[in-house]
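Understanding the architecture of this molecule
Listed below, chain by chain, are the residues.
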Amino acid sequence: NAGVTQTPKFHILKIGQSMTLQCTQDMNHNYMYWYRQDPGMGLKLIYYSVGAGITDKGEVPNGYNVSRSTTEDFPLRLELAAPSQTSVYFCASSDRGTNEKLFFGSGTQLSVL
Amino acid sequence: DQQVKQNSPSLSVQEGRISILNCDYTNSMFDYFLWYKKYPAEGPTFLISISSIKDKNEDGRFTVFLNKSAKHLSLHIVPSQPGDSAVYFCAAGPYSYGKLTFGQGTILTVHP
């Protein structure tokens, strides 16, 4: 009964490095999302996908890239990491393309130093 | 421009009393509203939702009220329990799909 799985849970990245945050879901959901949460702030949508091969930008896409080659996986790529990308990243999925019941992973805490 | 605001960063209540968490929104296009609960080191989990055609939705100890004219929603927890201590996020969006806007969250602490 895994749901949405994110790896890694924690990571420290140096400025200018790149990395990929992994997200996979086993609920056969078409819709997947990446959010970031900064201290004292709400979750902000980075990118989302409505199905394999289809992605679109959210509110704060700059500095990130995504791909969706399968229904299950939705990795988030950080290129040329900057301190402003220090945040907690949450991947989520949903069924039926509605806002109802986003299922979230447990998050990746990323520090860029 | 913060379209969804939770103006109380924290709330402390006694076990057994009512907890009331508030949320205001500005976007008239929002017609679906949700509350999520988040424990430390976990992702948010869905708690309760309401669509704009209703003004109240109940689920056990949790009730969400929507005042469309005031663009205000609230979450009532009665009676509050220590296990309810968590961060509560309200979220809003169009019913179509996916692009929810979240508030900043309110830290609820329920004291035994």
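Provided above is the structure to which this section pertains.
Residues numbered from 1 in each chain as written. Chains lettered and ligands numbered in written order. Predicted model: local features only at pLDDT ≥ 70, side-chain atom pairs only at ≥ 80, totals over all residues. Heavy atoms only, no water.

1. A look at the sheet that holds strand S7 (residues 62-67) of chain B
Residue and element names in this part refer to chain B. The strand order across the open sheet formed by five strands is S1-S3-S8-S7-S6, and the pairing between neighbours is antiparallel. A single partner strand is all that each edge strand has here, and the edge strands are strand S1 (4-5) and strand S6 (56-59). Summarising the sheet, S1 and strand S3 (residues 19-25) pair through two bridges and their orientation is antiparallel. Bridge pairing in S3 places Lys 5 opposite Asp 24. (Pairing = 2+ DSSP bridges. Helix = DSSP H or I, 4+ residues; strand = E, 2+ residues; numbered from the N terminus.)

2. So, the interface of chain A and chain B
Between chain A and chain B, the residue contacts involve 22 residues of the former and 21 residues of the latter. At the boundary of chain A with chain B, the tally comes to zero salt bridges. The interface formed by chain A and chain B includes one residue pair in polar contact (both at pLDDT 80 or more). Those elements giving two or more residues to the side of chain A that touches chain B turn out to be strand S4 (31-37) and strand S5 (43-51) of chain A. Of the residues assigned to the side of chain A that touches chain B, the class counts are eleven nonpolar, eight polar and three charged. (Contact = heavy atoms within 4.5 Å. Salt bridge = Lys/Arg side-chain N within 4 Å of Asp/Glu carboxyl O. Polar contact = N/O pair within 3.5 Å; in protein donor to acceptor, adjacent residues only side chain to side chain. Nonpolar A, V, L, I, M, F, W, Y, C, P; charged D, E, K, R; others polar.)

3. Examining the sheet that holds strand S3 (residues 19-25) of chain A
Residues and elements named next belong to chain A. What the four strands build is an open sheet, ordered S1-S3-S8-S7; its pairing is antiparallel. The sheet is open, and its two borders are formed by strand S1 (4-7) and strand S7 (64-66), each paired with just one other strand. Recorded for the sheet is a direction-independent mean angle of 20° between the axes of neighbouring strands. Pairing between S3 and strand S8 (residues 76-78): three bridges, direction antiparallel. Paired with Thr 20 across the two strands is Arg 77, which belongs to S8. (Axes fitted to C-alpha atoms, helices over the stretch in contact; angles between N-to-C directions.)

4. Side note on the pairing of strand S5 (residues 45-51) of chain B
Residue and element names in this part refer to chain B. Of all seven residues making up S5, five are buried, and the element is well covered by its neighbours. In the sheet, strand S4 (residues 32-38) pairs with S5 via six bridges, with the strands oriented antiparallel. Within the sheet, the bridge partner assigned to Tyr 36 lies in S5 and is Phe 46. (Buried < 20%, exposed > 50% of the residue type's maximum accessible area, 1.4 Å probe, protein only.)

5. Structural notes on the packing of aromatic side chains
Under the criterion given, the structure shown has twelve aromatic pairs over all chains. For the pair Tyr 25 of chain B and Phe 33 of chain B, a centre-to-centre distance of 4.7 Å together with 45° between the ring planes defines the contact as tilted. The class for Tyr 25 of chain B is buried, based on a relative accessible area of 6%. Put simply, the rings of Tyr 33, Tyr 35, Phe 90 and Phe 104 of chain A together with Tyr 36, Phe 46, Phe 89 and Phe 102 of chain B pair up and form one aromatic cluster. Here the guanidinium or amino end of Arg 68 of chain A rests over the ring plane of Phe 74 of chain A, the centre of that ring lying 5.9 Å away. (Phe/Tyr/Trp six-rings, centres within 6.5 Å; stacked < 30°, edge-to-face > 60°. Lys NZ or Arg CZ within 6 Å of the ring centre and 35° of its normal.)

6. A closer look at the nonpolar core
One finds Phe 33, Trp 35, Leu 73, Leu 75 and Tyr 88 of chain B to be the most contacted residues of the largest nonpolar core, which totals 23 residues. Only S3, S4, S5, S7, strand S8 (72-77), strand S9 (86-93) and strand S11 (106-111) of chain B provide two or more residues apiece to this core. A per-element tally of this core places S9 of chain B first, with four residues. Not counting residues up to four positions away in its chain, the partners in contact with Tyr 88 of chain B are Gln 6, Leu 21, Trp 35, Tyr 36, Lys 37, Leu 47, Leu 75, Ile 77, Gly 105, Thr 106 and Leu 108 of chain B. Counting residues in each nonpolar core, the second largest holds 19 residues, with Val 4, Trp 34, Val 66 and Leu 78 of chain A among its members. (Core = buried A, V, L, I, M, F, W, Y, C linked by side-chain atoms within 4.5 Å.)

7. Some remarks on the state of the cysteines
All names here are of chain A. Under the criterion given, the structure shown has two disulfides over all chains. With its sulfur 1.9 Å from that of its partner, Cys 23 forms a disulfide with Cys 91. Measuring the twist about the S-S bond at about -70°, one finds the Cys 23-Cys 91 disulfide to be left-handed. On the criterion of sequence distance, the pair formed by Cys 23 in strand S3 and Cys 91 in strand S9 (residues 87-94) is long-range, its members being 68 residues apart. By relative accessible area, Cys 91 is classed as buried at 0%. (Disulfide = S-S within 2.5 Å.)

8. Topic: the pattern of salt bridges
All names here are of chain B. Within this structure, the stated rule accounts for six salt bridges over all chains. Glu 58 serves as the salt-bridge partner of Lys 56, at 3.7 Å between the closest nitrogen and oxygen. Where salt bridges share partners, they join Lys 37, Arg 61 and Asp 84 into one cluster.

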